[in-house]
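If you want the building blocks of each chain, they are given just below.
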Amino acid sequence: MIDDKFYPVSIEACGKLGCPTIVVTRYRELLPETLPDNVVWYEYLPLDMILQQVGVLIHHGGMGTLSGAMKAAIPQLVLPYYVDRPYNANLVYQLGIGNYLSKVNWTPDKIADMILELRETYGADIYQHYRKKMIENHGVTAAADYVEKMIGNETYNYELRKPFNLEFENTITSKQTEKGKEVLSKLTESQKRQLLMRLAKVVSSKL
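Residues numbered from 1 in each chain as written. Predicted model: local features only at pLDDT ≥ 70, side-chain atom pairs only at ≥ 80, totals over all residues. Heavy atoms only, no water.

Draft legend 1. Molecular detail of the packing of aromatic side chains. For the structure shown, the criterion picks out four aromatic pairs. Ring geometry for Phe6 versus Trp106: centroids 6.4 Å apart, planes at 75°, classification edge-to-face. With Phe6 in helix 1 (residues 6-17) and Trp106 in the loop between strand 5 (98-100) and helix 5 (108-119), this pair connects stretches of sequence that are 100 residues apart. You can call Phe6 buried: its relative accessible area is 6%. The interplanar angle of 85° and the centroid separation of 6.2 Å between the aromatic rings of Tyr93 and Tyr100 together place this pair among those described as edge-to-face. Look at Tyr93 and you get partly exposed, because its relative accessible area is 43%. On the accessibility criterion, Tyr100 (28% relative accessible area) is partly exposed. Grouping aromatic residues by their ring pairs yields a cluster made of Phe6, Tyr7 and Trp106. Sitting above the plane of the Trp41 ring, Arg28 keeps its charged end 5.6 Å from the centroid. In this structure, Lys103 is placed above the aromatic ring of Tyr81, and the distance from its NZ or CZ to the ring centre is 4.4 Å. (Phe/Tyr/Trp six-rings, centres within 6.5 Å; stacked < 30°, edge-to-face > 60°. Helix = DSSP H or I, 4+ residues; strand = E, 2+ residues; numbered from the N terminus. Buried < 20%, exposed > 50% of the residue type's maximum accessible area, 1.4 Å probe, protein only. Lys NZ or Arg CZ within 6 Å of the ring centre and 35° of its normal.)

Draft legend 2. How the structure looks around the confidence of the model for the protein chain. Looking at the protein chain as a whole, the pLDDT averages 85, with 85% of positions reaching at least 70. Within the protein chain, the element-level pLDDT minimum falls on helix 8 (residues 177-185), averaging 69, and the maximum on strand 4 (residues 76-78), averaging 97. (pLDDT = per-residue confidence, 0-100.)

Structure follows, in structure tokens:
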């Protein structure tokens, strides 16, 4: 999910500026064979522990990395390409917590200029504003609480009164008709067994 151009142009841009640069990726084959003296590479680092020591974060636009930069209150430069990343990059820009460059503009000079521009905003109030919001965010807990409330509401509950049969053929009722059989016929035996075991677990919790 990372374009091959991402690391080389980012590394060259940081080299032009002489910035001490940390590269974190499991994919050493995506990096230049020889790294500049200003660059150190790690296969893994606990980002939550180091990001507050970073001046600017360059990343591909994944929501996890984006959120980590927000929590660390640091500027971020997004070089997006696949799936949701262009959208996420635009959110970063709209919130005023960083900027982005479309792939057509991925050149060392343009990235270097953007890094300099973002470094000037380091410590701005907007970063602390969103850091505070991230720290105070309890979305997972709120979602879990809401699900528990739904469990107690009969509108969201149902009961299966017939005993569950692990025989695959017996799980197909007349109402499922040929369409259901067609879908099921495309599953491998292993997939059928996994599906049945999941169904058994759900049904047993309701009986």
